[in-house]
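# Report on the structure
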Amino acid sequence: MSSSNFDKFRGRADQRRGRGRLFSCLLIALLFLTACVRTGTPITAEPPGSIQWPQVPFPARIEWVKTIADDQAAGIGKGFWKKVADFFTGAEKRHIVRPHGVLFDDSERLFIADPGAGLVHCMEMKEGRYTLIGREAGSSLRSPIGLAEDELGRLYISDSTTGMVYVYDLVRRSLRPLLRQKLQRPTGIAYSRVTKLLYIVDTTIAQVIAVDATGEERLRFGAPGEGMVQFNHPTDIAVDGRGRLYVTDPLNYRIKVFSSEGRLLNELGAAGDTLGSLNKPKGVAVDSDGHIYVSDALLDAVQMFDGSGRLLLSFGMTGTGNGQFWMPSGIYIDRRDYIFVADTYNRRVQVFRYLSDARPADRKTLPPIGKGVPNGGPKGQGGISQ
């Protein structure tokens, strides 16, 4: 055999050996991943119902359900071939950075506005799909804060940096501006199925602005100050089933309640650092029985008031464990009275549930939230007030 033919033969042999080694590595990786899938040890945490407020022996009114720090904790696992790809190329980091607004809709989609990452996490629990809104090429999102959804399934996103509110089409996966002109600093937003209007808090000018589905302004109320219909840097807003508005007025240490037309109905809270007072109120939400929930970033707790402003219960305390908070912000309550709290500096969302007198705490019949294993730190002790 000539020298040139020998070199060619040796080159082809080296190629075959290289392909063989690559195949062997791939086979070993597949076997390794399969073993991990079959024999891996799950993350352990307290079962739902093991943390409650008030504490045992009193009947539970609030119980901790689970903690969501990433898509896998929400029950959205990676497919087999995605795991294979991640083994060779490295897994994509998909953690929550600094959550604020949170929303869980009737289609079991969890949306988390993450101004720290400049995007919105979308965890579709029924479909087992995870997407990032704002990752698309040309996206305008910079600091998404508030979330709302109308009866047609349109997702609204406020962005405090761009001064805009956007509409996200969940089918076409496209983002477009809703408003005809920018606001100064839009933060909290809430959609009312009673008036068919989207209510937007503009923190800088201390006003609430209502627009229709075309972005046309229909209502505006509020002004800077300490008076009846005045605000001092308002942030979050919620709407109940009757169309009443609940606005967080943090530097006046109040939650103000308005009719859908902007008429003041009530206010609750006072300055202070004890339970029942408001130190740094952030998110606000209302359950099916009309109780008002306020997340307080400095108390590291969520406080529950009745319609007259009387404190009923407080849950949470400072910490990193399940049922504990580090500067909570946004809060959302769905139609089944699951309570979603953005635990901002713990970089996660915690899920609780309100148990009314009409719905006993039979945990065997509670509908599940996702299929993931709860995730979190050491067991939280919780704090209560009655």
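Residues numbered from 1 in each chain as written. Predicted model: local features only at pLDDT ≥ 70, side-chain atom pairs only at ≥ 80, totals over all residues. Heavy atoms only, no water.

### What about the packing of aromatic side chains?
- According to the stated counting rule, one finds nine aromatic pairs in the structure shown.
- Relative to Phe 352, the ring of Phe 315 has its centre 4.9 Å away and its plane inclined at 55°; by these criteria the two rings are tilted. Of this pair, Phe 315 sits in strand β22 (residues 311-315) while Phe 352 sits in strand β25 (residues 348-354), and the two are 37 residues apart along the sequence.
- For Phe 315, a relative accessible area of 0% gives the class buried. (Phe/Tyr/Trp six-rings, centres within 6.5 Å; stacked < 30°, edge-to-face > 60°. Helix = DSSP H or I, 4+ residues; strand = E, 2+ residues; numbered from the N terminus. Buried < 20%, exposed > 50% of the residue type's maximum accessible area, 1.4 Å probe, protein only.)

### Topic: the pattern of salt bridges
- For the structure on display, the rule yields 17 salt bridges.
- The salt bridge partner of Asp 306 is Arg 310, with a shortest N-O separation of 3.1 Å.
- Given a relative accessible area of 53%, Arg 310 falls into the exposed group.
- Here Asp 334 and Arg 336 are joined by a salt bridge, their closest N and O atoms 4.0 Å apart. (Salt bridge = Lys/Arg side-chain N within 4 Å of Asp/Glu carboxyl O.)

### Digging into the environment of Gly 243
- Its location among the elements puts Gly 243 in the loop between β15 (237-239) and β16 (245-249).
- Of the residues examined, Gly 243 reaches a relative accessible area of 1% and is grouped as buried.
- Sequence spacing of Gly 243 and Glu 261 is 18 residues, and the spatial spacing of their C-alpha atoms is 9.3 Å.
- Setting aside residues no more than four positions away along its own chain, Gly 243 makes contact with Ser 192, Val 194, Ser 259 and Ser 260. (Contact = heavy atoms within 4.5 Å.)

### Notes on the pairing of β25
- Along β25, seven of the seven residues are buried, which leaves the element largely enclosed by surrounding structure.
- Both faces of β25 are covered, namely the face carrying Arg 348, Gln 350, Phe 352 and Tyr 354 and the face carrying Val 349, Val 351 and Arg 353.
- Sheet topology note: the strand β2 (residues 62-68)/β25 ladder contains six bridges and is antiparallel. Among the inter-strand pairings, Glu 63 is bridged to a residue of β25, identified as Arg 353.
- In the sheet, strand β24 (residues 338-343) pairs with β25 via six bridges, with the strands oriented antiparallel. Residue pairing in the sheet places Phe 340 in a bridge with Val 351 of β25. (Pairing = 2+ DSSP bridges.)

### What about the environment of Arg 353?
- Note that Arg 353 resides in strand β25.
- Arg 353 sits in the buried class, given a relative accessible area of 4%.
- A distance of 3.1 Å separates a polar atom in the side chain of Arg 353 from the backbone oxygen of Arg 336. (Polar contact = N/O pair within 3.5 Å; in protein donor to acceptor, adjacent residues only side chain to side chain.)

### A word on the nonpolar core
- Judged by nonpolar contacts, the single largest core of 27 residues is most densely connected at Phe 111, Ile 133 and Leu 198.
- With five residues, strand β9 (residues 164-169) is the largest single contributor of residues to this core.
- Beyond its immediate sequence surroundings of up to four residues, Phe 111 is in contact with Gly 101, Val 102, Leu 103, Asp 105, Val 120, His 121, Cys 122, Ile 133, Leu 147, Leu 155 and Leu 170.
- Listed in part, the 18 residues of the second largest apolar core include Ile 68, Ile 96, Leu 119 and Met 123. (Core = buried A, V, L, I, M, F, W, Y, C linked by side-chain atoms within 4.5 Å.)

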